[in-house]
Amino acid sequence: MNTITTTEALAAPAAATAAAAPRGAPAWRAPLVVLVLGAAACALAPDQLGLMTRIFITALLVLSLDLVVGVAGLATLGHAALFGVGAYAAGIFALQVHPDPLIGLAVGIAAGAGLALLSGAFLLRYHGFTFLMLTVAVSQILLSLAQRARGWTGGDDGLSGFVMVPLLGRFEFDLEGRVAACYALAVLVVLFYVARRLVGSPFGLAVRGIHENPVRMAALGTPVFRRLWVLYTVAGAIAGAAGALSAQTNAVVGLDSLSFALSAELLVMLILGGAGRLTGAIVGATVFTLLHHTAASINPYHWLFVVGTLLMLVVVVSPAKVWAWVRRRAGGVR
Amino acid sequence: MTTLLDVKKLDKRFGGLHVTRGVSFSLKAGDRLALIGPNGAGKTTLVNQISGVMSPDSGEIWLRGDDATRLNQAGRVRAGLVRTFQITTLAPHFAVQRQVELALFEREGLTGRMWRSVDAYPTLKAEAQDILARFGLRAHAATATQDLAYGDQRLIEMALALALRPKVLLLDEPMAGVPKGDGAHLLAALDSLPSSLAVLIIEHDMDLVFRFANRILVLAEGAVLAEGTPDEIRRDPKVRAAYLGN
């Protein structure tokens, strides 16, 4: 359970810098940077578009987790549930109703938000470890439901057999994955912007205040539960969008999209990038996915060893400390 | 003068411990009521029930003519009842000004707004700066709250409460933990509280109590031992025996 304590420990100072410093950067700047870097990466490595798509989707999912963990201060190990529900909803919708990607995306968003709304009504009445364990319980219940409902989800074999129609009626999902990568990047950038606006709004300030001190916020007259509930629902919507993207670009949804392992990995990525800043979520997801990809291609059995070592390094030597050290060194040279 | 706060026969038990025993009192605009009593008399428990942190087993709390007994804490704040804490309860990593802005956003009912930037409310920002200036905290506007001296943090407690423009203010030991020489700003803040406000103050510093209060309520073992003007309380033999010693 070390992950939890480290998340809490890392979430606090990150929130500190975000809240203490005046928010100078406009909300669109970081998403624009992501757009430019993402597009450049796709252009420079056209044979790695599948990997890029995976990075964009994972980044979106960790972004959603950051809203819950880093911004609201709710440590969860059940975030995969929101992703998986979005993925299955989009997959089933494509198979049974209509294979349009944007409508499917909306369905995934609605499914993620719906689950967060329902489960949040119950989960958010609890705090700390109880909350954490209940998030695990909710995702495990969903996992076993998905396993049982073979007729809908394909059970252990996964849900497949749906083919998406062209995006906006024009862009067909090609074999190289160009359309898929652009689509995923566009959704990531838009929702990243939405998340930044949210965090920078009075609502976001109140949620960060709740993270800091719920007793103080209640004394200011904040409806604490309601604010957290709305935030959790928004995070669910974003996770659901990531799920829908994953279903549509992979044309398959597996039970692993609801797994505990995925929830834990997401938390690792968030810690890697630094919680509470949103940008950190994207950095963490990118570094982790690239590392996973590289390490797994070198040694498919022991890649977790590399990730574990890196995580220990990040926790022991926090990125903030490294930056301070680099700055000192740079100052010394001058 | 209309009654702003009316507390009627509050009663509360923690298991076998009877912490509040039929306490009744009322506050009108301009009242400065000090709640005193030995440690463990149930002062903070009483404030917690009035502010909605915990609910009484029986009894009623009326706020500005409406029954507020069933209202939650947020509802009572909106109805004009605001409290401070005995132990500083702030957002430690927030810049001081942000903290005050947050109180203003809350007062204006804006924390449901999810799109417009917090920096796009210049009038609230200016008001926050005014409040900080009034408390001598202007220079610390950008400082993280946890980096301030404890006395200054106590001031922020008070600043946040006043930023909400309360009608009834519950001050739970505002001077607790403030070094003797550092209380000037706080005392000035207490003295300049608007006269339309009804204030209930819990305080152990008897000099301050007798200077500030125009009425005193003495609590002992959860029950009202005496209520009256400072002079009456000073002369009351029961109070002397139970609380003031000799």
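Residues numbered from 1 in each chain as written. Chains lettered and ligands numbered in written order. Predicted model: local features only at pLDDT ≥ 70, side-chain atom pairs only at ≥ 80, totals over all residues.

## Details of the overall build of chain A
- Helix and strand content of chain A: 15 helices and 2 strands.
- Taken against the 2.2 N^0.38 rule, which gives 20 Å for 334 residues, the C-alpha radius of gyration of chain A at 19 Å falls within 12% of a compact globule.
- Its C-alpha atoms give chain A principal-axis dimensions of roughly 55 × 50 × 40 Å.
- For chain A, the residues scored as buried account for 51% of the 334 residues in total. (Helix = DSSP H or I, 4+ residues; strand = E, 2+ residues; numbered from the N terminus. Rg over C-alpha atoms; globule rule 2.2 N^0.38 Å. Buried ≥ 20, exposed ≤ 12 C-beta atoms within 10 Å, placed from the backbone.)

## Let's talk about the overall build of chain B
- Of regular secondary structure, chain B possesses 9 helices and 10 strands.
- Relative to a compact globule of 246 residues, whose C-alpha radius of gyration would be 18 Å, chain B shows 18 Å and is just as compact.
- Projecting the C-alpha coordinates of chain B onto the three principal axes gives extents of approximately 55 × 40 × 40 Å.
- Out of the 246 residues belonging to chain B, those deemed buried represent 45%.
- The long-range share in chain B, meaning contacts at least 24 apart out of those at least 6 apart in sequence, stands at 67%. (Contact = placed C-beta atoms within 7 Å.)

## Thoughts on the sheet that holds strand S8 (residues 198-202) of chain B
Residue and element names in this part refer to chain B.
- Taken together, 6 strands build an open sheet; the order of strands is S6-S7-S8-S3-S9-S10 and the sheet is mixed. Two strands close off the open sheet at either side, each with one partner strand: strand S6 (81-83) and strand S10 (223-228). Direction aside, neighbouring strands of the sheet carry axes that sit 20° apart on average.
- Bridge analysis of strand S9 (residues 215-220) against S10 gives 5 bridges, and the strand direction is antiparallel. Bridge assignment links Val218 to a residue of S10, and that residue is Ala226.
- On the sheet, helix H1 (residues 43-51) packs against strand S3 (32-36), S6, strand S7 (168-172), S8 and S9 and is oriented at approximately 150° with respect to S7. (Pairing = 2+ DSSP bridges. Axes fitted to C-alpha atoms, helices over the stretch in contact; angles between N-to-C directions.)

## Describing the nonpolar core
- Counting 172 residues, the largest nonpolar core has Leu60, Leu188, Ile238 and Ala241 of chain A as its most contacted members.
- With sequence-adjacent residues up to four places away left out, Ile238 of chain A is seen in contact with Leu60, Leu63, Ser64, Leu191 and Ala195 of chain A. (Core = buried A, V, L, I, M, F, W, Y, C linked by C-beta atoms within 7 Å.)

## Re the interface of chain A and chain B
- Each partner contributes residues to the interface: chain A has 27 residues there, and chain B has 31 residues.
- Among the elements of the structure, helix H1 (2-20), helix H8 (178-200), helix H9 (202-212) and helix H10 (214-219) of chain A are those that each provide at least two residues to the side of chain A that touches chain B.
- Here the side of chain A that touches chain B gets 6 residues from one element, more than from any other, and that element is H9 of chain A.
- Of the residues assigned to the side of chain A that touches chain B, the class counts are 16 nonpolar, 6 polar and 5 charged. (Nonpolar A, V, L, I, M, F, W, Y, C, P; charged D, E, K, R; others polar.)

## Side note on helix H4 (residues 79-96) of chain A
- When the terminal C-alpha atoms of H4 of chain A are compared, their 26 Å separation across 18 residues agrees well with the 26 Å that a helix rising 1.5 Å per residue should span.
- Extensive coverage of H4 of chain A is indicated by the burial of 16 of its 18 residues. (Expected span 1.5 Å × (residues − 1).)

## Focus on the pairing of strand S1 (residues 3-14) of chain B
All names here are of chain B.
- Inspection of the sheet shows S1 paired to strand S2 (residues 17-28) by 8 bridges, in the antiparallel sense. Across the sheet, the residue bridging to Phe14 is Leu17, located in S2.
- Turn length for the S1-S2 hairpin, with the two strands adjacent in sequence and antiparallel, is 2 residues, and the turn residue Gly15 shows positive phi of about 60°.
- Across 5 bridges, the pairing between S1 and strand S4 (residues 58-63) is antiparallel. Bridge assignment links Val7 to a residue of S4, and that residue is Ile61.

## Thoughts on the packing of H4 of chain A against helix H5 (residues 101-123) of chain A
All names here are of chain A.
- It is at 8 Å that the axes of H4 and H5 come closest, and there the two elements cross at 140°. With respect to H5, the axis of H4 lies oblique. In terms of crossing hand, the pair formed by H4 and H5 is right-handed. Residues Ala81, Leu82, Val85, Gly86, Ala87, Ala89, Ala90, Phe93 and Ala94 of H4 form the contact with H5, whose participating residues are Gly104, Leu105, Val107, Gly108, Ile109, Ala111, Gly112, Leu115 and Ala116.
- Residue composition of the contact of H4 with H5, by class: 14 nonpolar, 4 polar and no charged. (Parallel < 35°, antiparallel > 145°, perpendicular 65-115°, else oblique. Left-handed = near helix turned anticlockwise from the far one by under 90°.)

## Some details on the packing of helix H5 (residues 150-163) of chain B against helix H6 (residues 184-191) of chain B
Residue and element names in this part refer to chain B.
- As a packed pair, H5 and H6 sit with axes 9 Å apart at the nearest point and diverge in direction by 20°. Compared by their axis directions, H5 and H6 come out roughly parallel. Pair H5 / H6 crosses with left-handed handedness. Residues Arg154, Leu155 and Met158 of H5 form the contact with H6, whose participating residues are His185, Leu186 and Ala189.
- Residues of the contact of H5 with H6, tallied by class, amount to 4 nonpolar, 1 polar and 1 charged.

## Quick word on the pairing of S7 of chain B
Residues and elements named next belong to chain B.
- Burial analysis of S7 places 5 of its 5 residues in the buried class, which makes it a mostly covered element.
- With burial as the criterion, each face of S7 is covered, one bearing Val168, Leu170 and Asp172 and the other bearing Leu169 and Leu171.
- Pairing analysis gives 3 bridges linking S6 to S7, with the strands arranged parallel. Bridge pairing in S7 places Leu81 opposite Val168.
- One crossover worth recording links S7 to the parallel S8 by way of H6, and it is right-handed. (Right-handed = clockwise from strand over helix to strand, strands pointing away.)

## Here's the deal with the environment of Ser246 of chain A
Residues and elements named next belong to chain A.
- Its place among the elements puts Ser246 in helix H11 (residues 224-250).
- Sequence separation between Ser246 and Arg196 is 50 residues, and the spatial gap between their C-alpha atoms is 23 Å.
- Among residues more than four places away in sequence, those in contact with Ser246 are Ile57, Ala87 and Ser257.

## Side note on the confidence of the model for chain A
- Of all residues in chain A, 91% attain a pLDDT of 70 or more, and the chain-wide mean is 86.
- Here residues 1-22 of chain A is modelled with pLDDT under 50, and outside its nearest four sequence neighbours on either side it reaches 47 contacts, counting other chains as well. (pLDDT = per-residue confidence, 0-100.)

## Details of the confidence of the model for chain B
Residue and element names in this part refer to chain B.
- Residues with a pLDDT of 70 or more make up 98% of chain B, whose mean pLDDT is 90.
- Helix H9 (residues 237-244) is the least confidently modelled element of chain B, averaging 75 in pLDDT, while S6 averages 95, the highest of any element.
- As scored by the predictor, the complex reaches a pTM of 0.89 and an ipTM of 0.91.

## Quick notes on the sheet that holds S4 of chain B
Residue and element names in this part refer to chain B.
- Spatial ordering of the open sheet is given by S2-S1-S4-S5, a layout of 4 strands whose pairing is antiparallel. Each edge of the sheet is formed by a strand with only one pairing partner; in this case those strands are S2 and strand S5 (66-67).
- In this structure, S4 lies alongside S5, joined through 2 bridges in antiparallel fashion. When the sheet's bridge partners are listed, Trp62 is paired in S5 with Asp67.

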